[in-house]
Amino acid sequence: MAVSPLPRRLLTAALGFAGLLSASAAQDHPVTVRIAGPATRQGSSALGIADYHVIERFRELHPEIRVVGTSALQIEGRGSDTAMLMSIAGGTAPDILPVNFRTSDTYISQGFLAPLDAYIEKMPPDELAERIPKTVMPVVYRDGPGGRHYWAMPQRVVATVLIYRRDLFAAAGLDPNRPPETWEELREFARRVADPSKGIYGLAFPVSSHASSAINSYLCSAGAEAVRQLPNGEWRATFDSDEAVTAYAFVDELQKEKVTRHGATGSLAYRAPDAGKKWSDGKVAMSFSYLGSSYLGELNPEIIGVARVPKGPTGLSRSEVNSTMLGIFAGQKDPRVREAAWTYIRFLGSAEARKIFTKTMVELGAGRMLHPKWLREFGYPQVALLSPPGLVEAYEQALVNGIPEPYGKNCQSIYTMMTMPLEQNYYTDFSGMTKEERRRVIKEHLTAAVREANEKMIGHVPEKTRRERNATAWIVAAAVAAGFIYLLVKVFGWISAGQAPKSERPSAYKTRFALAIIAPALLLILMWHYVPLVRGSLMAFQDYRVLGHSIWVGISNFADILYDYRFWLALRNAAWFCALWMLLGFLPPMFLAVMLQEIPWGKILFRVLFYLPAVVSGVVILFMWRAIYDPAPNGILNQIIGAIGIPPQRWLQEPDGLLNKALMHFFHLPSQDWIPEPSLAMLCVVFPLAWAHLGPGCIIYLAALKGIPDELYEAADIDGASFSKKLRYIVFPYMKPLLVINAVGALIHGFNSGNAVLAMTGGGPNLTTHVIGFEIFERSFIFLRFGHGTAMAWLVGLLLLAFTAWQLRILNRVEFRTANR
């Protein structure tokens, strides 16, 4: 049927108008996609500005999609892995999840990621091959819930290479164009470059809870693997092989070796938390770093050389391959948001995004550090000629010969597990041992760590062992239940015995009035404490999954905890924390209160001064003390010392630091590492807390001292009693109930020390500050074993129940009265 020209024109105009309305509606009501991190210009680095321009270009091309940034809680020393997991657990996850190799299996098995097959299968083969290299494909495309799928899209593939300082090589008489090719050359070059008189080190090793990430290249080149997947699909930790022993032994030798030059003796390698800063300051000759597929790094080729990872004893030169990846959060069910999220993910790796990124980098003068292939592709061949020689070759060789970073089950914790034997080796005295004896001890350390990793991280427990543990757990549960019922009966008996006679009880009106006043507080406590307690208690009997589909495991979580060495170690450390807290946080406020009571003038001033730290958050206090001991020149103590003309000192790490010299000279104490020193680490955690608690604790005791009648002191003076006898026969007996109550509270406080440890030491060094509160946090939010964490919390709670019952018994016998002054 023919359509006349006029109606056809009207129909075309109507369709065009409808399209305009649709576009306008899309702009007025765009689909919001939340990404991790900021979606705005951040900082002034060339890389950050180029990434921002790419996002701006996406917004221009897709006005129907609104990209917004999100933030997550960052915990120092734990990286972004923990922050994102906590964000997911807290229900604030972004729509596009950043995924790395270590977290990939956890994200997949926990159901955090939505399969991308429907999107990726539509991509042209050449684009797919460019976006997902063969080395990365096993990480991206693998089994998960519902079968084998694509789970994430790589963005920037990186590989580990050796970087070295040409200037330090030349100063030591080495050829700045010839990097070390083997482990032995690496050691020899480090020996020749290291100069303790100038503070120059051959190598550097960081100190942190995941310090083993810096030695992964040694394991790769030795032929070792951190984890391995079995034919049945299960994962096992395998970093206790003979090859791994070789790598750990070599690293331990590098960390402990001493060199002497120009009359000064020092370490071959710098080992401290700020190892990265030491490299940036030009004080370390060699290090390992990532080179990327797009931006090859902020390296000055005139100073920094790049080479492949030195060959291990077997002749292997293998690097770690890694990549930032993006996936779609499975909790986002809106198909429009998912489609928009995929559009954003694909655009970031598109030719248009590469063009914008390259153009911006060149305009900012950072083009020579881009991959020459990109520069030639987008019309900058002259800039490509400026690329440092050997840089691309080093990256390509590393990518071809490399192996993926560990990507097995719960591998976000693999470096924590691998760091434990690294620390044990460092603090073990191998002097006098033969090479074979030394390897045997290192093997024992690694085997113990692998056993713990397979059980705690991967969750592998043999069936026979499981039955034995469950039987023991049922026996312990029965004993605990009997003890709990006994305590409950005793507590109610104490309360009933302590009630006043009916004739002395308040009237019904006063009782109802009192209940009405405290009702809001009771409701809030019920809502925010007891309801979550009851609901969360179910997690102790489940293999809990954040996004649902939790599995009921019965008493197995409690059984695992009872046989967990780390649980008992954490309890022992918590007891040591309590002992130090009783010594430094419980007794000093009492003696300070007595002294403030006796001074003749300035009482108000001194009370205010001692109380001031209480107005600051406890975590802030801890970070303040860390800043006080900051070894950098701009640290607080170093700035004070510099102001009076004394050069800055390294309070925490350097044996010749001012504080260490003073200790040696005046007290004949050897130099200390303070926080990194296992024997002092717990004291360094407790002392700031005790300092902050001194004022509030003192105020409580001052109030109690005011309740002591003056007649008692006057009678003691008449009898000629000394100050110490007044304390013994008047003050202490009068304050005994308060002292006992505070002592119980101090013990309970000692078991809630996880926050302090997290802020100060992260459980180190060598697990010496790994207290039970920190273990519960780590097990729940790092390993995602919420069932284990809840079971631990219940066991600790029952342990503290006896102290609470004792406190209730004392409170029931105490009568408080207001002072007359």
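The structure we're discussing is the one just above.
Residues numbered from 1 in each chain as written. Predicted model: local features only at pLDDT ≥ 70, side-chain atom pairs only at ≥ 80, totals over all residues. Heavy atoms only, no water.

## What about the side chain of Arg779?
Then step 1. In this structure, Arg779 sits in helix α32 (residues 772-782).
Then step 2. Exposure remark for Arg779: the relative accessible area of 1% places this residue in the buried category. (Helix = DSSP H or I, 4+ residues; strand = E, 2+ residues; numbered from the N terminus. Buried < 20%, exposed > 50% of the residue type's maximum accessible area, 1.4 Å probe, protein only.)

## Thoughts on the pattern of salt bridges
Then step 1. Applying the stated criterion to the full structure yields 39 salt bridges.
Then step 2. A salt bridge links Arg354 to Glu130; the shortest N-O distance between them is 3.8 Å. Here Arg354, found in helix α14 (residues 351-363), pairs with Glu130, found in helix α6 (residues 125-131); they are 224 residues apart in sequence, far enough to count as distant.
Then step 3. Judged by its relative accessible area of 10%, Arg354 falls in the buried class.
Then step 4. Residue classification places Glu130 among the partly exposed positions, given a relative accessible area of 43%.
Then step 5. For Arg438, the salt bridge identified is with Asp252, shortest N-O distance 3.3 Å. Of this pair, Arg438 sits in helix α19 (residues 435-457) while Asp252 sits in helix α11 (residues 242-256); the two residues are 186 residues apart in sequence, bridging distant segments of the chain. Asp252 shares its class with Arg438; the two are buried.
Then step 6. Each of the salt bridges in this network shares a partner with another, and the network as a whole consists of Glu452, Lys456, Asp564, Arg566, Glu775, Glu778 and Arg779. (Salt bridge = Lys/Arg side-chain N within 4 Å of Asp/Glu carboxyl O.)

## Concerning the environment of Glu127
Then step 1. Relative to the assigned elements, Glu127 resides in helix α6.
Then step 2. Using a relative accessible area of 18% as the deciding quantity, one classes Glu127 as buried.
Then step 3. For the pair formed by Glu127 and Ala351, sequence separation is 224 residues and the distance between their alpha carbons is 9.6 Å.

## Digging into the pairing of strand β12 (residues 269-272)
Then step 1. Residues Ala269 and Arg271 of β12 are buried on one face, and the alternating residues Tyr270 and Ala272, pointing to the opposite face, are buried as well.
Then step 2. As paired strands, strand β7 (residues 203-206) and β12 are joined by 4 bridges and run parallel to one another. Its bridge partner lying in β12, Pro206 is registered against Ala272. (Pairing = 2+ DSSP bridges.)

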